[in-house]
Every structure is written in C-alpha cells, then in structure tokens.
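These are the residues of each chain, in order.
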Amino acid sequence: MNSLNSASTLETHLETQTVIYPTLQYLVRFLPWDGKRVFDYLQEESKHNPFIVENSDFQNSEALLDDILPNWYSPIAQELSLSEHLLGQISALSIPYKQREALTYLTQWLSNSGYLEETPEVWADGSIWSAKELEAVIPLLQSLDPPGIGTRTLQECLLIQLKNQPESLAFLLVKNYLEDIANCIGNSSESKHNCQSLLQELHQNHQYFNINIEKITDAIHKIQELEPRPARNFGGSDAPIVTPDLKIELIAGSWQISLAYEVKQRFCLNSEAIKLLQESPKARRDTQQLEALLQKARNLLTALQQWQENLLKVGKFLVERQQAFLQSWDKLDLVSTPQQLVAQSVGLSNSTVSRIVRGRYILVCNQNSRIISLHSLCVPIGVGGRTPQQIQQMLIQLIAEESPANPYTDEQLAQLFKIRFCLPITRRTVTKYRKIAGIKSSHQRKFTDKKMGSKSRKEVF
C-alpha cells in the first residue's frame, strides 16, 4: 500500500514538472525583457506555431511618438564624440569666460540621447555655480548643433527643431496635441477615428478651419522626420531606445499605475486550429507534434500572463510607496525601499524582483512624456533607515552652519548627527558620504576659507 502511494506521489510530481517547468522557463526568459522585445518574440513564434495568433480585435492605441520611426532609419554614428562636437562650438561663442565654463560644465549632464537630465539644483550641487547660473546658459546650449540638444522633454526637442516654422501645422500639433497625434498614427480604424476627433477639435479654432485629414497626415509625417534623440549620431554607437512597460497617471491626487502595453491581449490561442486538432484522427503521425506545439502555446501565454502580473505587482508597490517623491520630484522625499523589501512585500524572490526592475521604465503621463526608471524607486537603506541622498543633505546642512574659522571634523559631524538628527553614525561613514558629496576635509575647508577671505564658500563643496 505504501509503495502504491509512493508511486502515485511520484507520478503526480512528474506530471506537474512536465506542465509547470516550461512555463517557468519562459517566464524567467521574459522577466528582464521590455514589452517590445516580448511582443517581437511572440510575433515570431506565431509564424511557426499555428496555435498562437494575434488578436485581431485588439487595437493598440499606446503608440509613443518617439518610438515610431521608419524601419530603415538607423543612422551611422560618427567618429566625433558629442562632447568634442559641442566643445568646438562653445569655444567659438562670443560669451564671457564664466558663462563658457558653466556651459562646458552643463554638457556633462547630457544623456546619451542628448537630453538634459536631473534638475538645476542637482547640477549645481558640488559645483562652483548656482542653479540659476546653470539654468541661464541652457538657451546657449540649445542653440548649438545638433538641433534639439540640451532639451529636457521630447516636446521641447521637437519644438526647437520647428522654431523656424512657428505658424506651421506641425508646430501647432507638437505644441498643443503631442499625445493626440501619437494616437493618430497607423491605418487602424481607431487611428482614423482619433484623427477625425483631432480634426474636429482643430475646427473649433476658426483660425484652422481650412485644415483637413490630408494636411494633418502631412504634418505628422513632417514630425516623424524630426530627430527625437539629438545625440544619436555621436559617441560611437546609437543611443538606446527606451520602451516604457508601465505608465502612471495622477488620479484624484495620487499616482495610479497600469501597463503601458497590454502584450497579453495581442495574442491568443487559435480556437480553429485547436478544433481541427481535436477532430483529427489520433492515428495521424503529425498529431503528437501538433499537440506539443499546442502545449508550448499554452505555456507561452501562461508565462506571458504571469510576466505582466509580476511586473504590475512590483510597479504598483513601488509607486504606492514613493507617492511623496512622485508628487514633489524631490529625491529627498524618496523612501528607503531595497529590493529585498519589495520581494517580501509582493511575494516574489529577490532574483525575480531584480530582473523586473533592471532596465525597465515608467512613462509619467501629463508630464511632457517624462520617463523614469523603475530601479530609481528602489532606494537602498542608508544609516538609520535614511536614504543616501537624505544623509548627504543633512551633512551639507551641518557644514553650512559651521564656523569658517573652525570647521567641524568628521568626528564632530558624527556627534552632531546623533544630537541633531538622532542618527547614530560613525566617523568613517561621515567621511564616506562627505567624499561622495564632493566636500573637502575640515583642514582643507579651513585653509580654503583663509585663502579666500571674503569670497563665497561654494568652492569648498
């Protein structure tokens, strides 16, 4: 009797392995991929598996303007780096020396795509310039080649490239209807409907009453010919294309998250092929092979469903936890959220969470196509549960209050952390964060202060 129970248990275990293990295998493969790559994989698989088909009832209205480029559009990167290209132009500008130095410094904050990242306060932190001084030279940076360099949003980038055509329909659409025209691209019935709705909205403004669908289409084609990533041709390689998998929208005062692309809804099982397989004679030689393909299709779609559920689960937890930061966009409002905490809270393993947050992005709606990385919301725990940014800010605050003639040593700063912020911190940790913040030692600060006399102490930091 015992041997019979053992055999039954073993048989059940083996059957479970054959059904679940391939699904887990596909899930592990999908986890680090973005939606576009998963979609391409399923689309390619559907060409060889008759049981997977694209859902004809699904209309994808989530197209992003900066992702819609001709398939042949892959310009070759030049040997000249973006930095060299910009510095050559900056040296030729007739501007004061201080502005030229500030402009040169600002180029260090350009992303691989040519956009200015972070905020003026972050740029100024640790430098000899104030946020206002750096912000004042942004127009100079944006006047350089390539057009659109130094902008902070896709909309600003496109508008600068259209600045010589301020009365054109393309300029109007980018300025006021950027999200709407993204939904007009394509030949689907929904795209045509969106285009008609946009036309009606434009007709409400009597200045644009003579506009028709053809003119809107031509204007959209002109917009697509613009460069959404100005630095693409520099640096020795093409700038990476970011495809957000999640999007957040401010609803009733709080940020709500959802999937940017419903990949699962794009594919389904082919009911007609399944019916033909069920009605076919079991003696046919190819029946076993077709049944294997059907099982593979089911495993893939199950893994796809789990992939989207896990992604949404992690994203929802992080967005709910970082509501304060998403409202203020101040990094000091970030709450310590290590990946281990995320894993425990959503019921996934650390390795799964690590694969999900790495290289994945969130589209912030109503923020001029702002995109943030999911990983940036996973803030490691510093000392006393504070984030590294908060500790650095506390350190800067303490040093700003010190006597120039008698600056605090790292040991004294550690004591002040305990007294002022109830934060137990060692001298060694203070030294670590002081160096990260680019702040000189007490001896160097004292020496610099004597040497500078009445000058500003900004250079100390």
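Residues numbered from 1 in each chain as written. Predicted model: local features only at pLDDT ≥ 70, side-chain atom pairs only at ≥ 80, totals over all residues. Heavy atoms only, no water.

Some details on the pattern of salt bridges
Moving on, step 1. Under the defined criterion, the tally for this structure stands at 9 salt bridges.
Moving on, step 2. Put simply, Arg420 and Glu401 hold a salt bridge, and the shortest N to O gap is 3.0 Å. Here Arg420 is found in helix H20 (residues 410-421), whereas its partner Glu401 is found in the loop between helix H19 (388-400) and H20, with 19 residues between them in sequence.
Moving on, step 3. The residue Arg434 makes a salt bridge to Asp410 at a minimum N-O spacing of 3.1 Å. Of this pair, Arg434 sits in helix H21 (residues 427-436) while Asp410 sits in helix H20, placing them 24 residues apart in sequence. (Salt bridge = Lys/Arg side-chain N within 4 Å of Asp/Glu carboxyl O. Helix = DSSP H or I, 4+ residues; strand = E, 2+ residues; numbered from the N terminus.)

Thoughts on the pairing of strand E2 (residues 246-251)
Moving on, step 1. Two strands pair when backbone bridges link them, and E2 and strand E3 (residues 254-259) are joined in this way by 6 bridges, in the antiparallel orientation. Each bridged residue has a counterpart across the sheet, and for Ile248 the counterpart in E3 is Ile257.
Moving on, step 2. In this antiparallel pair of consecutive strands, E2 and E3, the connection spans 2 residues, and Ala252 shows a positive phi of 55 degrees.
Moving on, step 3. Relative to strand E5 (residues 361-364), E2 runs parallel, the two sharing 3 bridges. Looking at the pairing, Ile248 lines up with Val364 of E5. (Pairing = 2+ DSSP bridges.)

Section: the packing of helix H17 (residues 339-346) against helix H18 (residues 350-357)
Moving on, step 1. With their axes 9 Å apart at the nearest point, H17 and H18 run at an angle of 110 degrees to one another. On the basis of their axis angle, the class for H17 and H18 is roughly perpendicular. Like other packed secondary-structure pairs, H17 and H18 cross with a definite hand, here right-handed. Side by side, H17 and H18 meet where Gln339, Gln340, Val342 and Ala343 of the first sit next to Asn350, Val353, Ser354 and Val357 of the second. (Axes fitted to C-alpha atoms, helices over the stretch in contact; angles between N-to-C directions. Parallel < 35°, antiparallel > 145°, perpendicular 65-115°, else oblique. Left-handed = near helix turned anticlockwise from the far one by under 90°. Contact = heavy atoms within 4.5 Å.)

Re helix H11 (residues 189-203)
Moving on, step 1. Its 15 residues place the ends of H11 21 Å apart at the C-alpha level, agreeing with the 21 Å of an ideal helix rising 1.5 Å per residue.
Moving on, step 2. Along H11, the positions that sit buried rather than exposed are Ser191, Cys195, Leu198, Leu199 and Leu202. Buried residues of H11, seen end-on, are gathered within an arc of 105 degrees and therefore sit on one face of the element. Facing away from the buried side of H11 by over 90 degrees, the exposed positions are Ser189, His193 and Gln200.
Moving on, step 3. Structurally, H11 contributes buried residues whose contacts are with helix H9 (169-176), helix H10 (178-182) and helix H12 (213-224). (Expected span 1.5 Å × (residues − 1). Buried < 20%, exposed > 50% of the residue type's maximum accessible area, 1.4 Å probe, protein only. Arc of directions from axis to C-beta.)

Describing helix H2 (residues 35-48)
Moving on, step 1. A rise of 1.5 Å per residue sets the reference length of H2, with its 14 residues, at 20 Å; its end C-alpha atoms lie 21 Å apart and thus fit the reference within 8%.
Moving on, step 2. By the burial criterion, the buried members of H2 are Gly35, Val38, Phe39, Tyr41, Leu42, Glu45 and Ser46. Along the long axis of H2, the arc covered by the buried residues comes to 160 degrees, so they all point the same way. When the buried face of H2 is taken as reference, the exposed residues oriented beyond 90 degrees from it are Lys47 and His48.
Moving on, step 3. Its side-chain oxygen at 3.2 Å from the backbone nitrogen of Lys36, Asp34 defines the N-terminal cap of H2. (Polar contact = N/O pair within 3.5 Å; in protein donor to acceptor, adjacent residues only side chain to side chain.)

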